[in-house]
Amino acid sequence: MKKFQFFSRFALGTAFLSATFLNAYAADATIRELAKERGRFIGTILNSEWFNDDIEPQFEEIHKTQFNVVVAENEMKFDATEPKENEFNFEKGDKMVKYAQANGLRVRGHALAWHSQVAGWVNNYSGQKEKLLAVLKNHITKVVGHWKGQIAEWDVVNEAVNDDYNADWRSTNSVWYEGIGAEFLDSAFVWAHEADPDAELCYNDYSLEWGLREGSKASFVVEQVKRWKKNNIPITCVGTQTHIEIAHETTPQNVRALAKALAELGVTLNITELDIGFPKGSAGQLGAADYAKQGHLYRQFMDVFLEEPNMGEFVIWGLTDAHSWLDEQQGKTEGLLYDKQYKPKPAYDSVMASLKAHPASEVKTPYPDSILNPPKTNPKDTTAKDTTAKDTTIRDTTVKDTTDAIKMFNAPSSVSLQLVGRTLFVTGVTATNSAKIDVFDMQGRPIFSTKCKNGSADLSTIAEGLYVVRVNNGSTGLIKRIAIK
Ligand code: G3I
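Rules of the game
- Residues numbered from 1 in each chain as written.
- Predicted model: local features only at pLDDT ≥ 70, side-chain atom pairs only at ≥ 80, totals over all residues.
- Heavy atoms only, no water.
- Helix = DSSP H or I, 4+ residues; strand = E, 2+ residues; numbered from the N terminus.
- Buried < 20%, exposed > 50% of the residue type's maximum accessible area, 1.4 Å probe, protein only.
- Contact = heavy atoms within 4.5 Å.
- Areas by Shrake-Rupley, 256 points an atom, 1.4 Å probe, with all protein chains shown as cover.
- Axes fitted to C-alpha atoms, helices over the stretch in contact; angles between N-to-C directions.
- Parallel < 35°, antiparallel > 145°, perpendicular 65-115°, else oblique.
- Left-handed = near helix turned anticlockwise from the far one by under 90°.
- Near = heavy atom within 4 Å.
- Polar contact = N/O pair within 3.5 Å; in protein donor to acceptor, adjacent residues only side chain to side chain.
- Core = buried A, V, L, I, M, F, W, Y, C linked by side-chain atoms within 4.5 Å.
- Salt bridge = Lys/Arg side-chain N within 4 Å of Asp/Glu carboxyl O.
- Phe/Tyr/Trp six-rings, centres within 6.5 Å; stacked < 30°, edge-to-face > 60°.

Turning our eyes to something else, we now look at the overall build of the chain. A tally of regular secondary structure across the chain gives 17 helices and 18 strands. Sorting the 485 residues of the chain into buried and exposed places 54% on the buried side. Pairs at least 24 residues apart make up 76% of the contacts formed inside the chain by residues separated by at least 6 positions. Carbon and sulfur atoms make up 52% of the accessible area of the chain, which totals about 20500 Å².

Following this line, the structure appears as structure tokens:
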């Protein structure tokens, strides 16, 4: 069991946590907190650099503080998970799932059946329908089965519709379509459901934000969802990637129209890969008005997202402009919420403004409480095995053990803290039922807040690291630095 160690440093408390810090940070909510209050998931990818431990430390700090859903940019795709026939590599995906579980993040799996980033060996079976069906079934069964109960939602099929004015299936450069035909989609959903009956299953695509006119990609997808639902194919969601440009001002309302069309079919619509890029040539020439316009478009997407009851996830395809596929491949730039120095842009402020303009009481969620507040049953967590009898903390007395036990803080407060395992016990005249508990990282950013319930608080979702915990019982506060080993 992880042990918290409390270091009671009065001098540290006052010097470090000056009024400025507490005012500057404690009041600011995070996107994550506001999303959770509204029964929604807002997040972004873990870029491939994160998996390779080749990214700035701010990345993860911001990611786990600000967001509550995560997806791998590349590391759960076919070529990454089954690089050789029937030889699976789950190492990087496991790293993300462990990170997500340690930080209370929902996990999207991306992507099982896609014409792109398929392992090279699959093409050896090009045109061989029975073999390709067996290969795809084995891939989906093994990958979904490996993360059964740990991945909330899968992009089962990605980008299977072509880009013609009169949309139809993508019939070229797709080993799956060319070898099997359109039935590969139906089978993929059935196999994914068999491997994890509790996972939500999405059809994911780009250019679904161009309206539901006859022949559009979006209307073609809606027709397929109608057919799948009629045939009991276990699809539960559609993902609109929504890779757009600053000029695409009609797209938020088109997404709203798509959400409404899918709501009639009982299917969730998720924004799965949003970025709002500027033309690459404009890099270095953008001014406040440009970034404000980008923020306005982000605001409109977040407004639609919060107002449509069957929308569940709002995922942005990158955290910082410093690491974005837009610059690497797409001829666009600066499409995200944080700039290249990890500073929040007007787009971040717009997302926050939209969240605050839509009170939790007015936002409907498509998710049951079992998804919003899942029981903590991480099988790898040894906490369940630890019994108080074995945990000496509870027997340590302040006199005997000066480092682990919590000494009464010298502040004039009736509040005192005792931590057992990962539960913080708060005692004091008025603290028992009303104390607010805030946990900050060492940069002073809020990472967790909760209220005391019957004199205790559960800190089990906080990852390893150095933090400061503050208990505020209305009249006075108690501040402690903590270290999770
Ligand atoms: O890992 C290799 C590395 O070993 C090698 O040195 C390097 C040299 O090019 O390539 C690396 O692989 C790259 C991979 O990203 C990991 O960085 C591939 O070349 C590159 O093509 C791949 O690009 C990804 C792209 O999907 C591939 O289609 C982007 O990172 C990723 O953001 C992008 O994401 C897609 C979604 O999955 C589906 N929707 C569209 C979205 C944007 O294209």
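Still more to cover.
Within an α-helix, residues lying three or four positions from one another point in the same direction, as the helix has 3.6 residues per turn. Summarising burial for helix H5 (residues 57-66): seven of the ten residues are buried, a large majority. Looking only at H5, the buried set comprises Phe59, Glu61, Ile62, His63, Lys64, Thr65 and Gln66.

Two quantities define a packed helix pair, namely the angle between the helix axes and the distance between the axes. Running from N to C, helix H11 (residues 217-230) and helix H12 (residues 251-263) cross one another at 15°; their axes reach a closest spacing of 10 Å. Comparing their axes, H12 and H11 come out roughly parallel. Note that H11 runs across H12; the crossing there is right-handed. Only Leu258, Ala261 and Leu262 of H12 make contact with H11, whose side of the interface consists of Ala218, Val222 and Val225.

Taken together, 16 residues surround the ligand, and among them Glu73, Lys77, His110, Glu273 and Gln329 come closest. Between the ligand and the protein, one listed contact pairs an oxygen atom with a side-chain N or O atom of Gln117 at 3.3 Å. Here a nitrogen atom of the ligand and a side-chain polar atom of Gln241 are 3.0 Å apart. Here the ligand has 780 Å² of accessible area as a free molecule, and 52% of this is covered by the chains.

Turning next to the nonpolar core. In this structure, Trp154, Val157, Trp176, Tyr203, Tyr298, Phe314 and Leu337 are the most contacted members of the largest nonpolar core, which totals 104 residues. The dominant element in this core, judged by the number of residues it contributes, is helix H13 (residues 288-307), at eight residues. Excluding residues within four positions of it along the chain, Val157 makes contact with Ala113, Phe184, Leu185, Ala188, Phe189, Cys202, Tyr203 and Asn204. Formed by 18 residues, the second largest nonpolar core is a distinct cluster that contains Val426, Ile437, Val439 and Leu478.

Looking now at unusual backbone geometry. Excluding glycine, residues mostly carry a negative phi; peptide bonds, for their part, are mostly trans. Here the bond from His110 into Ala111 is cis, since omega is 0°, no more than 30 degrees from zero. As for its position among the elements, Ala111 is in strand E4 (residues 106-114). Unusually for a residue other than glycine, Gln117 sits at a positive phi of about 50°. Taking the relative accessible area as the measure of exposure, Gln117 reaches 26% and is therefore partly exposed.

Moving on: the pattern of salt bridges. One pass over the full model with this rule turns up 23 salt bridges. Across the salt bridge formed by Asp155 and Arg108, the nearest N and O atoms sit 2.6 Å from each other. Of the two residues, Asp155 is situated in strand E5 (residues 153-158) and Arg108 in strand E4; the sequence distance between them amounts to 47 residues. Each of the salt bridges in this network shares a partner with another, and the network as a whole consists of Arg106, Arg108, Glu153, Asp155, Glu200 and Glu313.

Let's shift gears to the packing of aromatic side chains. A complete count under the given rule lists 16 aromatic pairs for this structure. Seen from their ring centres, Phe78 and Trp176 are 5.8 Å apart, and the 40° between their planes marks the pair as tilted. One end of the pair, Phe78, is in helix H6 (residues 78-81); the other, Trp176, is in helix H9 (residues 175-180), with 98 residues separating them in the sequence. For Phe78, a relative accessible area of 3% gives the class buried.

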